[in-house]
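One letter stands for each residue in the lines below.
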Amino acid sequence: MFGPNVLVLSSLPTMFDNSKPITYTVDVPDVVHAVEFSPFEWSSKLIGVGTSSRVSVGICRFQEEDREIDGLEYEHLRDFHHGIRVTALAWSPETSLAVIPKILRFCTGGSDHKLRLISSDLKNDDSVKIIDGHTDYINAVTFDPSKGDQLASVSDDHTCRVWDTDGTQRICLPLGSPGMSVCWHRDDHMKIMVAEKNGIIRFYNLLNQQPIMSLDCGHAPLLSADWCLVDSLKVGAVVGTDLHLFDTSMSSRPVERRSVHSDGGCLVKWAKNNEHLVATTGTPACQVKVINAKTNQIPVSSGLQISSGLSWHYRLPIVVVGGDRKLHFWSIDNT
């Protein structure tokens, strides 16, 4: 019943010794398979939760940004029927609740190997555009952050594909192994990063569809990689049991490598407002870790019964992980 990116443990306490406890918890109707804060300033309060049959959208208001709020105030906005398990989830920059009519737009990858572009005005106008083309499991999807008129996806079918939002496939990049992560450059919409399971990370120019440069982790399997939003020279990846940190101005090999999960890492995400904070998930014990690469401190090292998905708030040093009918949030000291 669980997807390959859902970690399950039969019995475990929710916190390890000397770790920061879970700051907030929100109950949700189903086991979580994907969770994403909106990565854009104008919609940063939105969170999307993908399950085995639906996508739930809500608003998170934290006391860290509003002193009138006690802890976390969660407002459920809408459930969107999905029919099959959500394997990937990404927000469009076109999403805004400050315009009339409201615009809610996101894309999912499904266990049927199809993308679904879902749009809503949160009233009566909903639409779902099914985008067909991948022939295997979709591991990640992302929007062009400048306009939101294109999206990119990677799959176990050894391709990275770029699509117009009308479903037209514009580019198909052949890969040497399954594509695990894809990230779009925040300021240069002609540049994307694609991470492959074989440990190779490439940056592509979409104009000529050629690689600009590549990074080599030196071993496999790479299950997740992320491009730092604050400093685009930095890349992180979980490969086997280790976290690899790259500075692309210095070398194509990792400048730092540290063991984080003794039975293997699953996901990695840079904090969106701090170039030193990196979160990972892995095994054993459905671990969630937050590492400060500057101080070498590990403020979070927790275990959950089930963990899936990993996302940072756009403005706040708050990270969320999905669990068994719950969302777990940690608020980190932003130093």
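Below you will find a few notes about this structure. The model shown is predicted, which means the values in this text are computed figures rather than measured ones. (Residues numbered from 1 in each chain as written. Predicted model: local features only at pLDDT ≥ 70, side-chain atom pairs only at ≥ 80, totals over all residues. Heavy atoms only, no water.)

Turning next to the nonpolar core. Residues Ile 47, Phe 62, Leu 327 and Phe 329 are the most contacted members of the largest nonpolar core, which totals 16 residues. With sequence-adjacent residues up to four places away left out, Phe 62 is seen in contact with Tyr 24, Phe 37, Ile 69, Gly 71, Leu 72, His 313, Leu 316, Ile 318 and Phe 329. (Core = buried A, V, L, I, M, F, W, Y, C linked by side-chain atoms within 4.5 Å. Buried < 20%, exposed > 50% of the residue type's maximum accessible area, 1.4 Å probe, protein only. Contact = heavy atoms within 4.5 Å.)

Moving on, we get to the sheet that holds strand 20 (residues 234-239). Strand order in this open sheet of 4 strands is 19-20-21-22, and the pairing throughout is antiparallel. Looking at strand neighbours, the two that pair on one side only are strand 19 (222-227) and strand 22 (256-259), the edges of this open sheet. On average, adjacent strands in this sheet sit at an angle of 15° to one another, irrespective of strand direction. Bridge count between strand 20 and strand 21 (residues 242-247): 6 bridges; the pairing is antiparallel. Bridge pairing in strand 21 places Gly 236 opposite Leu 245. (Pairing = 2+ DSSP bridges. Helix = DSSP H or I, 4+ residues; strand = E, 2+ residues; numbered from the N terminus. Axes fitted to C-alpha atoms, helices over the stretch in contact; angles between N-to-C directions.)

Moving on to the pairing of strand 28 (residues 318-322). Strand 28 sits mainly inside the fold: 5 of its 5 residues count as buried. Going residue by residue along strand 28, you find Ile 318, Val 320 and Gly 322 tucked away on one face and Val 319 and Val 321 tucked away on the opposite face as well. Of the strand pairs in this sheet, strand 27 (residues 306-312) and strand 28 are connected by 3 bridges, and their pairing is antiparallel. Across the sheet, the residue bridging to Trp 312 is Val 319, located in strand 28. Counting the residues in the hairpin turn of strand 27 and strand 28 gives 5 residues. Summarising the sheet, strand 28 and strand 29 (residues 326-331) pair through 5 bridges and their orientation is antiparallel. Residue Val 320 lies in a different strand from strand 29, and its bridge partner there is Phe 329. Hairpin connection of strand 28 to strand 29: 3 residues between the antiparallel strands, including Arg 325 at a positive phi of 60°.

Attention now goes to the sheet that holds strand 23 (residues 264-270). Spatially, 23-24-25-26 is the arrangement adopted by the 4 strands of the open sheet, whose pairing is antiparallel. The sheet is open, and its two borders are formed by strand 23 and strand 26 (300-303), each paired with just one other strand. Direction aside, the axes of adjacent strands within the sheet are offset by 15° on average. The pairing of strand 23 with strand 24 (residues 277-283) spans 6 bridges and is classified as antiparallel. Counterpart to Gly 264 in the pairing with strand 24 is Thr 283.

Turning our eyes to something else, we now look at unusual backbone geometry. Note the cis peptide between Ile 100 and Pro 101, where omega equals -5°. With respect to the secondary-structure elements, Pro 101 resides in the loop between strand 7 (86-91) and strand 8 (104-110). In the segment running from Thr 283 into Pro 284, the intervening peptide bond is cis, with an omega of 10°. If you trace the backbone, Pro 284 turns up in the loop between strand 24 and strand 25 (287-292). Residues other than glycine seldom take positive phi values, yet His 158 does so here, at roughly 65°. As for its placement among the helices and strands, His 158 is situated in the loop between strand 12 (150-155) and strand 13 (159-164). Despite not being glycine, Gln 209 shows a phi value in the positive range, around 60°. Checked against the element boundaries, Gln 209 lands in the loop between strand 17 (200-205) and strand 18 (210-216).

With that settled, the discussion passes to the state of the cysteines. The tally for this structure, following the rule as stated, stands at 0 disulfides. As a non-bridged cysteine, Cys 107 has Cys 160 as the owner of its nearest cysteine sulfur, 13 Å distant. (Disulfide = S-S within 2.5 Å.)

Oppositely charged side chains can form a pair if their charged atoms are brought close together. Applying the stated criterion across every chain yields a total of 17 salt bridges. Two residues, Arg 54 and Asp 79, come together in a salt bridge whose shortest N-O distance is 3.3 Å. With a gap of 25 residues between them, Arg 54 in strand 5 (residues 54-62) and Asp 79 in strand 6 (residues 72-81) connect regions that are remote in the sequence. Assessed through its relative accessible area of 23%, Arg 54 is described here as partly exposed. Owing to a relative accessible area of 31%, Asp 79 belongs among the partly exposed residues under this scheme. The partner of Arg 78 in a salt bridge is Asp 126, with the nearest N and O atoms 2.2 Å apart. (Salt bridge = Lys/Arg side-chain N within 4 Å of Asp/Glu carboxyl O.)

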